[in-house]
Structure formats: structure tokens, C-alpha cells
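The chain contents come next:
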Amino acid sequence: MRFVEICKSYKENRVFDHFSLDIVCNTILSVVGPSGMGKTTLLKIAANVLELDAGELIKEDSEQGPISYLFQEPRLLPFSTVFSNVELALRSSSQNRKERDELALHYLELVGLTDSLALYPSQLSGGMRQRVAIARAFAHPCNLMLLDEPFQSLDIKLKYSLLEAFVSLWEERKKTTLFVTHDPKEAILLGDAVCCLGDPTKPLLYQQINIPRKARNVSDTSLLALEASLVDALVNA
Amino acid sequence: MRLVKRNLILLGSSLVLLLLWQLGASLLDSQILLPGLLPVFSTLLELIEQPPFTINVWYTVLRALQSFIIIVISATLLGLLAGRFSFVSLALKPFVTTLKAIPVMSVILLAFIWFSSGTVPLFSAFLMGFPVMYVQIEMGVLQIDANLDEMCSLYDFPLQDRLFHFLIPSLVPSFLTGARTALSMVWKVVIAAEVLTVPRYGVGSRMQLSQIQLETDKVLSWTLIAILLTALGDILFEVLVFFLAKLKQLHDSRRVPCVS
């Protein structure tokens with residue numbers, strides 16, 4: 001997926017000005033940046049819910065079609081059960097009820113919620129709700145995945161367990177993913193590349209990460225150096 | 001345990017109310033000003049045994065039910081339209097504001113000039129109950145969660161699923177609040193209108209006729225019947241809501257596959 005010379009302004013505020021960015025197909029690009037620098041705007045452009053003032057968004061054939069979106073908050077239907085919340089996201093793509101049930105069950109099993117299928121969102125903890133949202137995002141047969149700070153405001157233990165759950169689901173079927181976050185550590189642990197926004201014309205920093213995801217350790221020297229440069233870019237943005 | 005405690009408190013406060021009534025009756029010592037508990041309850045039993053009782057109650061219930069159903073249907077439809085289209089809301093605003101401000105008695109007196117005595121309670125109750133339900137439904141539509149709506153669009157929820165799993169459930173709380181408030185208002189207005197217009201049958205008509213003849217025990221007996229009717233209406237409504245909620249839960253749990 002390529003953002004080519006894109007321009008986007010909100011009244012006087014120019015968020016992107018001939019800005020270009022490439023995301024390699026079937027990889028995760030982590031995007032960090034201070035608030036108001038266009039992280040969510042970039043996601044909305046990728047989701048085709050926001051029109052560009054100028055420029056172009058080019059998607060590969062394999063990135064066309066349905067999109068899965070993980071929001072900052074779980075956004076579950078409050079009157080539907082855990083199972084229904086996931087199964088409903090499959091209805092537009094599959095008319096076969098048995099197939100839908102099996103798929104929903106499969107993803108709920110992967111996030112460890114088999115015992116909570118009949119519960120309603122109000123009966124779940126914050127972490128469990130976000131797990132349902134992750135299961136829904138993966139169950140939805142999408143070709144592009146957009147993540148808008150889905151792990152923010154979670155405690156550190158829960159955050160890492162959800163990151164792990166996310167990675168294992170993603171590795172099962174890789175798809176182009178744009179992951180927006182405030183946390184440089186999260187960005188490094190999840191992304192195949194990291195990009196820092198802050199200048200409307202170009203990324204402040206763009207760095208490939210060549211260490212395999214499962215072998216990454218936040219105390220690794222090269223990752224620590226990358227984190228330091230990300231923090232530096234964020235502070236000076 | 002909590003339910004037992006709640007019921008005990010309710011029973012205790014009801015007994016205090018009856019005690020105050022009896023105390024007042026003993027102090028005043030006048031059958032016309034305030035008859036005691038015993039004469040009122042024996043009159044109540046007499047009234048229940050007499051054949052016109054059922055028909056009087058039936059007519060009041062029928063009027064209340066008719067106006068309630070008309071309110072629910074019309075206020076829901078117009079409230080949905082007003083919440084969705086601002087021009088409908090604006091067009092109806094003067095009508096709704098007038099209805100909210102107008103005194104009940106003015107409506108009843110004006111309706112009595114225009115309609116027969118049997119139609120006045122129904123018409124007045126509709127005019128008084130409609131704005132309550134309409135405003136609730138309109139607010140419900142305006143408060144539909146935009147984030148969930150966006151989620152439904154991004155995940156391509158078919159229209160039918162969006163309706164049954166998101167839009168209708170989102171409107172249920174507003175619908176129930178509106179219907180509950182409208183229902184208790186309907187009883188009061190129907191009986192008030194019957195008192196003023198004295199149709200051939202009705203709880204309010206009996207109250208008025210008893211008051212003319214200074215039969216305070218009968219006035220109080222009919223008042224007790226009116227209170228019981230309102231309470232019974234509320235209980236039936238709550239029972240209906242409870243069973244519908246249980247039915248939905250049962251349906252939801254049947255959709256969940258068994259995992260061994």
C-alpha cells in the first residue's frame with residue numbers, strides 16, 4: 001500500500017502536505033507520533049472513510065476489499081453476546097451459518113474466551129472485551145488491517161498478553177497492517193517497520209526492523225537504540 | 001435477601017400511610033371529611049360485588065389502553081423520524097412544546113367542547129402522554145452511539161443485523177422509559193377527564209357522582225381502585241418487559257454453540 005504525495009487539511013491545520021509513505025504488502029507498519037499529527041487521519045484515509053485533498057492511495061490487489069479495524073476502545077455491541085459480536089462480523093462474507101459458527105469459535109478459542117461465549121460485554125473485564133475485539137478483527141475476512149491504539153489504557157501485563165495474542169493470530173494469516181500507537185515499545189515489538197509522524201511533508205523517521213518478531217526482546221541493544229531514536233523524534237516533533 | 005428487605009420497607013411505609021389515614025379519621029371524627037379505614041374498605045367490597053363495577057372499570061381500562069397504544073405507535077414513529085431528520089423535529093417542535101406546557105384541565109375542557117364525553121378521556125390522555133414518549137424516542141435516536149455505527153459500517157454489517165443487533169437494542173431503554181412514563185400519565189388523565197365529563201361508565205364518573213352525593217367513602221373507594229389499576233398496569237408492564245428480556249437471553253444463549 002502506498003500513500004503518494006497525499007495532502008489533507010482540517011480548515012487551517014495542514015496534517016499532510018505532499019506526504020508519501022510505503023507499506024510492504026503483508027507486513028505490519030507501526031506508526032508513532034504526537035497527538036494531532038495525523039495518525040488517525042492516516043488510518044481513516046487507508047480505510048477510505050476520509051477523502052484526500054490531493055494525492056493518491058494505491059493498494060495492491062491483495063489489499064483491496066474488506067477492512068478490519070481495531071479501535072482504541074473495543075466497540076462491542078452491548079446487547080449481543082461475546083459469540084454474536086464475532087459471528088456478526090462474518091455475516092457479510094458467509095451465508096453458511098455452520099461455517100460462521102466454526103470460524104467465530106476458532107478465533108475466540110485463540111484469544112482464550114471459550115468459557116465466555118454466552119456472556120455480554122458488560123460482564124467482561126476491559127482486557128476480555130479487547131480480546132473479543134481482536135477475535136472479531138481477525139475473524140472478519142479482511143485484506144487490510146488497521147489498528148488505532150488498541151492496547152492503550154491497559155495495564156502492562158495485559159498489554160503484553162494481548163500483543164502476544166495479536167501476533168499469534170496475525171502470523172496465522174498475514175495481511176497488510178497499519179498499527180498506530182503512542183508507545184514506542186509497542187511499535188517496535190509489533191512492526192516490521194516503524195515510522196514516526198510529526199512533519200506534514202515526510203516521516204520524521206522510517207526504520208525497518210529485521211529481527212524476527214518472536215525473537216524480539218525489549219532489552220536488545222539494537223531495539224533499545226531504535227526506541228531511543230523514536231523517543232528522540234517524538235520529543236523533537 | 002435484598003428483595004425481602006426491599007419488600008419489607010415497602011410494606012412498612014404502606015402501613016404507616018394507612019395508620020396516618022386512620023389517625024386522621026379518628027381525630028376528625030367525620031364520615032364526610034375523612035371516613036376511617038373500615039367503612040372505606042367495606043364500601044369497596046360492596047362496590048366490587050355490584051354488577052356495574054366491572055363495566056365501570058372496563059371502560060376506564062379500555063380508554064387508558066386505547067390511548068396508550070395510540071401514543072406508543074404515533075410517538076415512536078414520529079420520534080424516530082424527528083431523531084433522524086432535523087426538519088421533522090423542527091416542524092413538530094411548536095406542537096410538542098405547546099402540549100408540554102398546556103394544563104391538563106384546559107385540554108379536557110376544550111376536548112369536551114369538541115367531542116362526546118366518552119371520547120374526551122381518550123383524546124386528552126393522548127395529548128398529554130404523546131410528548132413524553134415522543135421526546136424520549138427522539139433523544140434515543142440522537143444518542144445512538146456514533147462509534148458503534150462506524151464499527152457496523154467498517155465491518156459491513158448487513159442492514160437487517162444492524163437493525164436487530166444495534167439500532168433496535170439501542171432504542172429499547174428510551175422506549176421503555178417513555179412508555180412507562182406515558183402509561184402512568186394516561187391513567188391519571190383518563191380518570192381526571194372522566195371526572196370532568198362524566199361519561200356513562202368509568203371510574204372517574206363514579207367518583208364524581210359519589211362526590212356530588214357527599215359519599216366520601218365511595219370517593220375514596222374509587223380512588224383506591226384507580227390506584228390499584230395504575231399499580232396493576234405498571235406491574236403488568238414490568239412483567240412483560242421481564243419476560244421479553246428473558247426471551248432475548250434465551251434466544252442469545254441458543255445461538256451460542258456448545259463447546260466440549
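Calculation notes
Residues numbered from 1 in each chain as written. Chains lettered and ligands numbered in written order. Predicted model: local features only at pLDDT ≥ 70, side-chain atom pairs only at ≥ 80, totals over all residues. Helix = DSSP H or I, 4+ residues; strand = E, 2+ residues; numbered from the N terminus. Rg over C-alpha atoms; globule rule 2.2 N^0.38 Å. Buried ≥ 20, exposed ≤ 12 C-beta atoms within 10 Å, placed from the backbone. Contact = placed C-beta atoms within 7 Å. Domains from an automatic or database assignment. Nonpolar A, V, L, I, M, F, W, Y, C, P; charged D, E, K, R; others polar. Pairing = 2+ DSSP bridges. Axes fitted to C-alpha atoms, helices over the stretch in contact; angles between N-to-C directions. Core = buried A, V, L, I, M, F, W, Y, C linked by C-beta atoms within 7 Å. Parallel < 35°, antiparallel > 145°, perpendicular 65-115°, else oblique. Left-handed = near helix turned anticlockwise from the far one by under 90°.

Turning our eyes to something else, we now look at the overall build of chain B. When its secondary structure is counted, chain B shows ten helices and zero strands. Along chain B, helices (α) and strands (β) appear in the sequence α-α-α-α-α-α-α-α-α-α when read from the amino end. For a compact globule of 260 residues, the expected C-alpha radius of gyration is about 18 Å, and chain B comes in at 23 Å, more than 25% above that figure. For chain B, the C-alpha atoms occupy an extent of roughly 75 × 55 × 30 Å along the three principal directions. The buried share among the 260 residues of chain B stands at 32%. Sequence-distant contacts in chain B: of pairs separated by 6 or more residues, those separated by 24 or more amount to 73%.

All names here are of chain B. What the domain assignment lists for chain B is domain 1 (1-30) and domain 2 (32-255). In this structure, domain 1 and domain 2 have C-alpha centres spaced 28 Å apart. At the interface, eight residues of domain 1 touch six residues of domain 2. Looking at the side of domain 1 that touches domain 2, its residues break down into four nonpolar, four polar and no charged.

A separate point is the sheet that holds strand S4 (residues 54-58) of chain A. Residue and element names in this part refer to chain A. The strand order across the open sheet formed by three strands is S2-S1-S4, and the pairing between neighbours is antiparallel. Pairing within the sheet leaves two strands with one partner each, and these edge strands are strand S2 (13-22) and S4. In this sheet, neighbouring strand axes are inclined to one another by 25° on average, regardless of whether the strands run parallel or antiparallel. Pairing analysis gives four bridges linking strand S1 (residues 2-10) to S4, with the strands arranged antiparallel. Following the sheet pairing, Arg2 is matched in S4 by Ile58. Across the face of the sheet, helix H1 (residues 39-46) comes into contact with S1, S2 and S4 while running at roughly 120° to S1.

Reports of interface size often rely on the accessible area that becomes lost once the parts have come together. Between chain A and chain B, the contact holds 22 residues from the first and 18 residues from the second. Of all the elements in the fold, those that place two or more residues in the side of chain A that touches chain B are strand S5 (67-70), helix H2 (82-87) and helix H3 (97-110) of chain A. When the residues that make up the side of chain A that touches chain B are grouped by side-chain class, the tally is 13 nonpolar, six polar and three charged.

If you look at the biggest cluster of nonpolar residues, it comprises 69 residues, and the most contacted ones within it are Leu108, Ala135 and Leu178 of chain A. Here this core gets seven residues from one element, more than from any other, and that element is helix H4 (residues 126-139) of chain A. Core analysis: the second largest hydrophobic core is formed by 48 residues, Val141, Leu171, Leu196 and Met207 of chain B among them.

Let's shift gears to the packing of helix H9 (residues 203-212) of chain B against helix H10 (residues 216-255) of chain B. Two numbers describe a pair of packed helices, the interaxial angle and the distance between the axes. Residue and element names in this part refer to chain B. Between H9 and H10, whose axes approach to 8 Å, the crossing angle comes to 165°. By the angle between their directions, the pair H9 and H10 is classed as roughly antiparallel. Relative to H10, the crossing made by H9 is left-handed. Contact with H9, carried on its side by Val203, Arg206, Met207, Ser210 and Gln211, involves Lys218, Val219, Trp222, Thr223, Ile225 and Ala226 of H10 and no other residues of that element. Here the contact of H9 with H10 is composed, by residue class, of six nonpolar, three polar and two charged.

A few words now on H9 of chain B. All names here are of chain B. When H9 is considered as a whole, its buried residues turn out to be Val203, Gly204, Ser205, Arg206, Met207 and Ser210. Here the buried face of H9 lies against helix H3 (52-84), helix H8 (159-197) and H10. Immediately downstream of H9, the backbone of Leu214 shows phi near 55°, a positive value.

We now examine the domain arrangement of chain A. All names here are of chain A. Domain boundaries assigned for chain A yield domain 1 (2-65 + 143-236) and domain 2 (77-141). Distance from the C-alpha centre of domain 1 to the C-alpha centre of domain 2: 26 Å. At six residues, the largest contribution of residues to the side of domain 1 that touches domain 2 is made by helix H5 (residues 156-172).

With that settled, consider the sheet that holds strand S8 (residues 193-196) of chain A. Residue and element names in this part refer to chain A. Read from one edge of the open sheet, six strands run S5-S6-S7-S3-S8-S9, paired in mixed fashion. The two strands at the open ends of the sheet, each matched to only one other strand, are S5 and strand S9 (205-208). Averaged over all pairs of adjacent strands, the angle between their axes in this sheet comes to 15°, without regard to strand direction. Alignment of S5 against strand S6 (residues 144-148), held across four bridges, turns out to be parallel. Across the sheet, Tyr69 pairs through a bridge with Leu146, a residue of S6.

What follows deals with the environment of Thr223 of chain B. Relative to the assigned elements, Thr223 of chain B resides in helix H10. For Thr223 of chain B, a count of 16 C-beta atoms within 10 Å translates into the label partly exposed.

Attention shifts here to unusual backbone geometry. All names here are of chain A. Notably, Lys11 is not glycine yet its phi reads approximately 50°, a positive angle. By the secondary structure assignment, Lys11 is in the loop between S1 and S2. If you check the backbone angles, His18 has positive phi at about 50° while not being a glycine. Residue position: His18 is located in strand S2. Of the residues examined, His18 has 13 C-beta atoms within 10 Å and is grouped as partly exposed.

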